[in-house]
Structures are given as C-alpha cells and as structure tokens.
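A structural walkthrough
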Amino acid sequence: MPPVVSIRNVSKRYAGGHEALKDVSLDIERGEIFALLGPNGAGKTTLISIICGIVTASGGSVHVDGHDIVADYRSARTKIGLVPQELHTDAFEPVWSTVAFSRGLFGRPSNPAHIEKTLRDLSLWDKRKAKIKELSGGMKRRVMIAKALAHEPDVLFLDEPTAGVDVELRRDMWNLVRQLRESGVTIILTTHYIEEAEEMADRVGVISRGQLILVEEKNALMQKLGKKQLTLSLSQPLAAVPPELGEWDLALEADGTVLRYTFDATADRTGVPSLLRRMSDIGIGFKDLETRQSSLEDIFVSLVTERREVAA
Amino acid sequence: MSVGAFNHRGVWAIYRFEMYRFLRTIWTGLATPVITTSLYFVVFGSAIGSRMAAIEGVDYAAFIVPGLMMLSLFNESIFNASFGIHMPRFLGTIYEPLSAPLSPFELVLGYVGAAVTKATAVALVILATAALFVDFEILHPFWMLAFLLLVATTFCLFGFIVGIWAKGFEQLQIIPMLIVTPLTFLGGAFYSVKILPEPWQTITMFNPVVYLISGFRWTFYGAGDVSIGYSLLATLGFLLTCLGVIWWIFRTGYRLKS
C-alpha cells in the first residue's frame, strides 16, 4: 500500500538565512501513529506547516494520499487536519459555531450529526454553546482537535498535543489518539515528551537541526539501541570496583553502595550470570537487584548529543 | 470528498463569520457613522451651508452628500477589510484558512466580500440619514450603486493589503488617518476643486481621491470636477493595482506564509 504522506527532499531556508529543514525525506504509512521527536527549534513544526500549506518549502515535494500539496492542493488539504501547538482560537465564538466554521472552510456540507459526534467524543457536548473564552486550557485544546476533525480528515497532525496540559488530560489525549487511529485516521504527532512517543507511537522519527537523523519502528528502535542496566544494592560498600570484576562494564555509585552493570540485552551472552557468580566467588554480597531497559528518552538524548558532537 | 473547482462553502464560511462579527456590534457599527454624518449636516449643511452659495446649481448641503458618503465608504472599507484579515493574523487563527482547500481568490472573496457588504451598508445608511436633513436627487441611481460597489471593492482590497502589511493595530490606523482622510478632505468632499486658485487646482488633480468623489458626485447631479470617464479609469486603475499587489502577496507569501 502506498504511503499516505510522502515527503521527498524537502528543505526550508528562511529569508534571514536560517536553514530550518535540510533535505528531509519520509514516508508515513496509512493508519499508523508516527511520532516526530526533536528538541525545540529542530524543524518539527516547520515540516508540519509545509505539509499543511502554512509555510512554503524552499525545495522538495510532498504528496498526501497521492496528491501534490502544491499542484493539487485542494485534494491534498481536504485529507489533512491540523491541531497547532498554540491555542489559536476566536475567544468570542461558541464551540459549535467554530467547529461548524472549520467544516465549511474545508468545503464540506453541513453535517450536525458529525459535529455532535465529534463534540461528544471529545467530552465537549455540554460546552457546545459556551464561548471559547469561558473554557479551560484543556477544553480549548479539545476544541482545537474538534475543529481539526470537523471535515473528517484521513491524516491528523498534532503539533505538541499535550504541551502544557496536566497529567490527567494527557492520558485522555492519548486515549483519544488511539481511538482515532482505530477509526482509520493516520496520526502524526510532534512532541518532545518522549513518554508520549513511547506510549503511543508505532514508529518514531528523530529530527535534529533540520535533519531527519533516524526513522525506526519504536519497538525495534528500543531493542536495537536499547541498553539494559543491572543495578545491585551491595551489602557492604566498596571503595573501588575490584580488579577481579574488570572484564564487566561496571560503575560504582552512591558512595560505593550501588554497582551498576550496563549490557546489551540482545546479545547472546549478557554477562549477568557470570558476573553474579564471580561476585559470589570473591565474597561481594548484595541486598537487592533490579534491571531496567533504556527508555526512548535515553536513546533520543544519546542520538541528539551524538549529532551535536559530530556537528561541532 | 473533493471540493470541486470552486470552494463555495469555504468562501461562505468566511463571509458568514465576518458578517456575524459585524452583526454582533451592528448598533455601534451603524450609530457612529450616522451620528458623525448628522453632525456634518448640522455644521456644514445648516450652520455654514446656509451661508454658502450653490455650487454648479446644487445647494451646498446637497452638494456634500456624495462626498460624505465617500468619506465614510473609504474609511469603513479600509477598516473592515484590514481588521478582517489582521485579526486572524494577530490571533494566529489564520493557520486555518491558509491550510484549508481555498485558493487565494476564494480567500480574498470571503474576507473582502464581507467588508464590501459592511461598508456599502454603512454608506447606504448615511444616504438615508442625509435624506432626513437635505433634499437631493440621484440622477443615475443604477450608476450610483455600481460606483458605490466599485469604490467599496477597490478600497476593501486596499484595506486587505493594509491588514496584511500592518504589524500591529497601531499601523492599521496609519493609512486611513494619515493618508486617506486628508486626501479625502483635500479631494473635493466638501467643495468643488474648480473653486481652488492655481496652482492648487492643478496640484489637486494629482490626488486620486478627486476622481473617485467627482465620479460619485456625477451619479447624483450629472456633473463633477472631472469627466466620468476619467473617474472610472482612475477607479479601475486603483482596483487593478490593488489586485496586482494581492496577487504578489499570495505569490510570495508576504507576511502570510513565512
């Protein structure tokens, strides 16, 4: 099946000379949740803005469901819904009116049943007559999503969807995104909350300084790049790592009371059993142990740091 | 679902949104020009006008009716159109029309169409208010309406440009206050430029507003400072210039698409 969004060699250089995107190519598969990760200023919002028609690319091409976003912009844009990062709203508009306005803007005939369903799904039905200025920040965020869904898009862009929202609302948002995916909508979200990508995404792209430095299945990425750590709480503190344990990658922490061993979880021989045997042989006891898989955040930080070091 | 060759629902959505905003404040929107016009008629029509001689056979109070309508039309057109496009830029809601399947023509049609409706409505209310104070005739009512719409469209397009150019609400006021209003006052809104001595009469002919007011006055009384042909040419020239600038704005994305 062809990708629903196909980005080829897209670049963006602003008038001031700043190069926000450098030769970015990416395919988004139909029905997936794709998380675009990157630090602030990496080019995530610029890329989304180009696809949605808000920013003009300096080079390259983008196709949405086979439609070129420039030559066939009408067809391409009807497929796209956008929830921007900032809460841009008309404060004096009632919720129902602003959602109906969005539907009309995208050329769709009036459909009160769809708007009602959208508002109910987003727990906004009770607020349909309220002016936007009367809503809380979280509710406003939901209105933005309702507006983006008003014209029944196939692809939904969520630019930092949970920036500045509380934990409860963030969980609600994640559930909503999963429901949307189940209804067949392709979701592309930008975030710098790694937890968000780890929780929801099927695939992850990492963008740094305008370049897409990695695109990978989330699970495969975590398996491929993920390190595992064994943490041992020692019975007696050690002054230094004993020479007999020199063949393992060990670090002594917490005033010598914690021994940390970093290993490759996918390797045939992790070295964990032999380490524990050797410790027993030389009389080093431990009270507790735990293992932890590297998070996506660890991987992300490592990738971006590596990139910065190369650039420097 | 495709939107077809013309996104009429999108245009209607913008038009209706803009008109709702006007209707929300309709009483203040109409009361201000009505009160201002009434004051003009009390001062220029009754107090001073009664001592003024008729101009080209037209009573002075009646003579200033087309000029007053033009003065309000210019200001209302620029204000409504510039505010209409500047507000979404200021609020950030412009992302939505820009990302919608709307051509630049459709987008301009929605915003400028609503501004033309509002400005024309105000001008017609002023005409009705004037009828309460003065006896006047409209020799060419069809051309009066046509000229009114043409000038309103032209100045709304100009206002649309101002709304995109302006970086803040202060700048929205600069063009109407510092350029358009002085040019209107010096362009024969309250007098015939023919009564000016030389070289001021010749210098005044470089003021484009002279041609607009003169043309509009011709539709009332069959006579103006310049021929109706020149008035139409000047108006169409200004209209085409504004269309050209708007075409350039969308082509380059000037202050719309970074």
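Relevant structure appears above.
Here's a quick rundown of the structure. If you're wondering where the values come from, they're calculated on a predicted model, not measured in any experiment. (Residues numbered from 1 in each chain as written. Chains lettered and ligands numbered in written order. Predicted model: local features only at pLDDT ≥ 70, side-chain atom pairs only at ≥ 80, totals over all residues.)

**Section: the overall build of chain B**
The line we're drawing: The numbering of helices and of strands both runs from the N terminus, where a helix is a DSSP run of H or I of at least 4 residues and a strand a run of E of at least 2. For the radius of gyration, the atoms used are the C-alpha atoms, and the globule rule reads 2.2 Å times the number of residues raised to 0.38. The exposure label follows from counting other C-beta atoms within 10 Å of a residue's C-beta, where the C-beta atoms are placed from the backbone and the thresholds are 20 or more for buried and 12 or fewer for exposed, leaving partly exposed in between. Each residue is represented by a C-beta atom placed from its backbone, and any two residues with such atoms within 7 Å are regarded as in contact.
When you go through chain B residue by residue, the secondary structure sums to 10 helices and 0 strands. Relative to a compact globule of 258 residues, whose C-alpha radius of gyration would be 18 Å, chain B shows 19 Å and is just as compact. With respect to the three principal axes, the spread of C-alpha positions in chain B is 65 × 40 × 35 Å. Expressed as a percentage of the 258 residues in chain B, the buried residues total 45%. Within chain B, counting contacts between residues at least 6 apart in sequence, those at least 24 apart form 81% of the total.

**As for the overall build of chain A**
Along the backbone of chain A there are 10 helices and 14 strands. Seen through its C-alpha atoms, chain A measures out along the principal axes to roughly 80 × 45 × 40 Å. Scored against the burial criterion, the 312 residues of chain A give a buried share of 38%. Put simply, of all contacts in chain A between residues at least 6 apart along the chain, 71% involve residues at least 24 apart.

**A few points about the pairing of strand β9 (residues 203–208) of chain A**
Residues and elements named next belong to chain A. Inclusion rule: Only strands that DSSP links by at least two bridges are regarded as paired with each other.
For β9, the tally of buried residues reaches 6 of 6 residues, placing the bulk of the element in the interior. Of the two faces of β9, the one carrying R203, G205 and I207 and the one carrying V204, V206 and S208 are both buried. Summarising the sheet, strand β3 (residues 33–37) and β9 pair through 4 bridges and their orientation is parallel. What sits directly across from A35, in β9, is V204. Bridge analysis of β9 against strand β10 (residues 211–217) gives 6 bridges, and the strand direction is antiparallel. Pairing of V204 across the sheet is with E216, part of β10. In sequence, β9 turns back onto β10 through a hairpin of 2 residues, with R209 there showing a positive phi of about 50°.

**Thoughts on the environment of L145 of chain B**
All names here are of chain B. Relative to the elements of secondary structure, L145 occurs in helix α6 (residues 141–165). Residue L145 is classed as partly exposed on the basis of its C-beta count, with 14 C-beta atoms lying within 10 Å. It is 9.1 Å that separates the C-alpha atoms of L145 and T120, two residues lying 25 residues apart in sequence.

**Topic: the sheet that holds β3 of chain A**
Strands belonging to one sheet form pairs held by backbone hydrogen bonds; the direction of such a pair is parallel or antiparallel. Residue and element names in this part refer to chain A. We apply this condition: Under this scheme, a helix contributes an axis fitted over its contacting stretch, all axes are lines through C-alpha atoms, and angles between N-to-C directions fall in the 0 to 180 degree range.
What the 6 strands build is an open sheet, ordered β6-β7-β8-β3-β9-β10; its pairing is mixed. Every interior strand has two partners, whereas the edge strands, β6 (80–83) and β10, have only one. Across the sheet, the mean angle separating the axes of adjacent strands is 15° when strand polarity is ignored. Across the sheet, helix α1 (residues 44–52) touches β3, β6, β7 (155–159), β8 (186–191) and β9, and the angle it forms with β7 is around 150°. Taken strand by strand, helix α6 (residues 167–182) contacts β3, β7 and β8, and its axis lies near 150° from that of β8.

**Details of the interface of chain A and chain B**
To be explicit about the condition: Lys, Arg, Asp and Glu make up the charged group, whereas Ala, Val, Leu, Ile, Met, Phe, Trp, Tyr, Cys and Pro make up the nonpolar group; the residues left over, Gly among them, are polar.
Contact residues are listed per partner, giving 25 residues for chain A and 22 residues for chain B. Mapped by element, the contributors of at least two residues to the side of chain A that touches chain B are α2 (73–78) and α3 (95–105) of chain A. Of the residues that constitute the side of chain A that touches chain B, the class distribution is 11 nonpolar, 9 polar and 5 charged.

**A look at the sheet that holds strand β4 (residues 59–64) of chain A**
Residue and element names in this part refer to chain A. Spatially, 4 strands are ordered β2-β1-β4-β5 in an open sheet, and the strand pairing comes out antiparallel. Whereas interior strands pair on both sides, the edge strands pair on one side only; in this sheet they are β2 (19–28) and β5 (67–68). Pairing between strand β1 (residues 5–13) and β4: 5 bridges, direction antiparallel. Looking at the pairing, S6 lines up with H63 of β4.

**Considerations on the packing of helix α3 (residues 60–91) of chain B against helix α7 (residues 169–185) of chain B**
All names here are of chain B. Here is the rule we go by: Angular relationships are summarised with four words: roughly parallel below 35 degrees, roughly antiparallel beyond 145, roughly perpendicular across 65 to 115, and oblique for the angles in between. By the definition used in this description, the sense in which the near helix is turned from the far one sets the handedness, with an anticlockwise turn below a right angle giving left-handed and a clockwise turn giving right-handed.
With their axes 10 Å apart at the nearest point, α3 and α7 run at an angle of 165° to one another. It follows from the interaxial angle that α3 and α7 lie roughly antiparallel. Where α3 crosses over α7, the two elements pack in a sense that is right-handed. Here M70, L71, F74, N75, I78, F79, S82, F83 and H86 of α3 come into contact with α7, specifically with L172, I175, P176, V180, T181 and T184. Here the residues of the contact of α3 with α7 sort into 10 nonpolar, 5 polar and no charged.

**Describing unusual backbone geometry**
Following E198 of chain B, the chain continues to P199 of chain B via a peptide bond in cis, the omega torsion being 10°. Relative to the elements of secondary structure, P199 of chain B occurs in the loop between α7 and α8 (200–204). Backbone geometry at A254 of chain A places phi at a positive 50°, although glycine is not the residue there. As for its position among the elements, A254 of chain A is in the loop between β12 (250–253) and β13 (258–264).

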